[in-house]
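# Coordinate analysis (summary)
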Amino acid sequence: MTYTLGEIAAKINAELHGDPACEINGVAPLDTATNGKISFLSNRRYTSQLKSTEASAVILKQDDQEFCPVHSLVCEDPYVAYAHVVRLMNPPHPVVPGRHSSSIIAADASIDDSVEIGPHVTIESGARISANTIIDPGCVIGKNTEIGESCHLYPNVVICAEVIIGRDCILHPGVVIGADGFGIANENGKWLKIPQIGGVIIGNDVEIGANTSIDRGALGNTVIEDGVKIDNQVQIGHNVRIGEHTAIAGCVGIAGSTRIGKRCMIGGAVGISGHIDIADDVVIMAMAGIANSIKEPGVYAYAIPAMDVRKWRRNVVGFKQLHALISRIKKLENQ
């Protein structure tokens, strides 16, 4: 799609420096953008790329305006403005109502006439799917599942029985919602499976990344509140609750019955123990291991940064001796 700079400036409430009639037909990075493309600068480490960019226009802050050799749109948060421009120029895939002939749909499933159902989709008994939802090839919708309006299920998404999904949700390829949680009991040295009889409730405007799994509750429900954004390959255990507008990066593992607050940000590969609470507005940096509840907002980091392997080996030796050193220090203090 093509817009003029004047149209874009009006839509993102930016101050235009340059020709309002300049036509923009796409978005590109500063270093590869060409004529007709718009780019953005939100990190000053890329100022050198700004100075040499061949883009037609750049979204940036007022302080960076002096370095811009082309038309510009000045605003307070260039990254957010860029997000709006990308959405403007790349609208969602339009819904094409209909059911592919290879789909298998239970007779008592309730499906709005505006829903798009692709090839080899299975929709089981009692499922209810609301208007303007897209279900891509290979998806499975379990019994008595509810899916709200304007959702998009990408290929091979599996929604198990009795899951509730709100409106405007995006589930990327390979997502599994409502599989059994890891419920087992040890009986005389052997593992006994505990039936998982709860469900999963997902709010509105939730996005779930590729190959992420969210387990059903053991008794009650696993709950993902409105506006939560979850990256690829995240594991969410049974009876977890995640507060609204929390963002979770890739490869995070959250054990069962943990409660995570609102507006949290959890970095990649974080491991969170079960049966703990994390307060609202907590930021957990990548690779951290969280074993205890976090009761106060703030930034938390527990991982050891990468270092030269020889130095790491020496530090490991010291760590093994740490308890003995602490005991010696206590004895010296007592003396």
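Residues numbered from 1 in each chain as written. Predicted model: local features only at pLDDT ≥ 70, side-chain atom pairs only at ≥ 80, totals over all residues. Heavy atoms only, no water.

## Structural notes on the sheet that holds strand E27 (residues 222–224)
Rule in force here: Strands qualify as paired when DSSP identifies two bridges or more between them. Note on conventions: DSSP H or I runs of at least 4 residues are helices, E runs of at least 2 residues are strands, and numbering of each starts at the N terminus.
The sheet built from 9 strands is open, its strands ordered E10-E13-E16-E19-E24-E27-E30-E33-E36 with parallel pairing. Strand pairing shows two members of the sheet lacking a second neighbour, strand E10 (110–111) and strand E36 (277–278), which therefore form its edges. Here 2 bridges tie strand E16 (residues 146–147) to strand E19 (residues 163–165), and the two strands are oriented parallel to one another. Its bridge partner being in E19, glutamate 146 is matched across the sheet by isoleucine 164.

## Side note on the sheet that holds strand E14 (residues 134–135)
The 11 strands lie next to each other as E8-E11-E14-E17-E20-E25-E28-E31-E34-E37-E39, forming an open sheet whose pairing is parallel. Where the open sheet ends on each side, the last strands, each with one partner, are strand E8 (98–99) and strand E39 (298–300). In this structure, strand E20 (residues 170–171) lies alongside strand E25 (residues 207–208), joined through 2 bridges in parallel fashion. When the bridges of E25 are listed, leucine 171 appears paired with isoleucine 208.

## Re the pairing of strand E23 (residues 190–193)
Relative to E23, strand E22 (residues 184–187) is paired through 4 bridges, and the arrangement is antiparallel. Within E23, the residue paired with glutamate 187 across the bridge is lysine 190. The antiparallel hairpin formed by E22 and E23 contains 2 residues in its connecting segment, where asparagine 188 sits at a positive phi of about 55°.

## Some thoughts on the nonpolar core
The test is simple: In plain words, nonpolar cores are sets of buried Ala, Val, Leu, Ile, Met, Phe, Trp, Tyr and Cys residues tied together by side-chain atoms within 4.5 Å. Burial here depends on accessible area, computed with a 1.4 Å probe over protein chains only, as a share of the maximum for the residue type. Under 20% is buried, over 50% is exposed, and the range in between is partly exposed. Should any heavy atoms of two residues lie within 4.5 Å, those residues are considered in contact.
The biggest cluster of nonpolar side chains holds 51 residues, and the ones touching the most others in it are Ile123, Leu171, Ile177 and Ile202. For this core, the elements supplying multiple residues, two or more each, are E19, strand E24 (200–202) and strand E37 (282–284). Setting aside residues up to four positions removed in sequence, isoleucine 202 forms contacts with Ile164, Ile165, Gly166, Cys169, Ile177, Ile208, Ile214 and Ile224. If you look at the next biggest cluster of nonpolar residues, it comprises 17 residues, including Ile8, Ile12, Ala57 and Cys75.

## A word on the packing of aromatic side chains
Convention followed: Any pair of Phe, Tyr and Trp rings, taking the six-membered ring for Trp, is counted once the centres come within 6.5 Å. Such a pair is stacked with planes under 30 degrees apart, edge-to-face with planes over 60 apart, and tilted for the rest.
Throughout the structure, instances matching the rule amount to 3 aromatic pairs. The interplanar angle of 20° and the centroid separation of 4.1 Å between the aromatic rings of phenylalanine 40 and tyrosine 82 together place this pair among those described as stacked. Of the two residues, phenylalanine 40 sits in strand E5 (residues 37–40) while tyrosine 82 sits in helix H3 (residues 78–89), which places them 42 residues apart along the sequence. For tyrosine 82, a relative accessible area of 23% gives the class partly exposed. An aromatic cluster is present here, built from Phe40, Tyr79 and Tyr82 joined pairwise through their rings.

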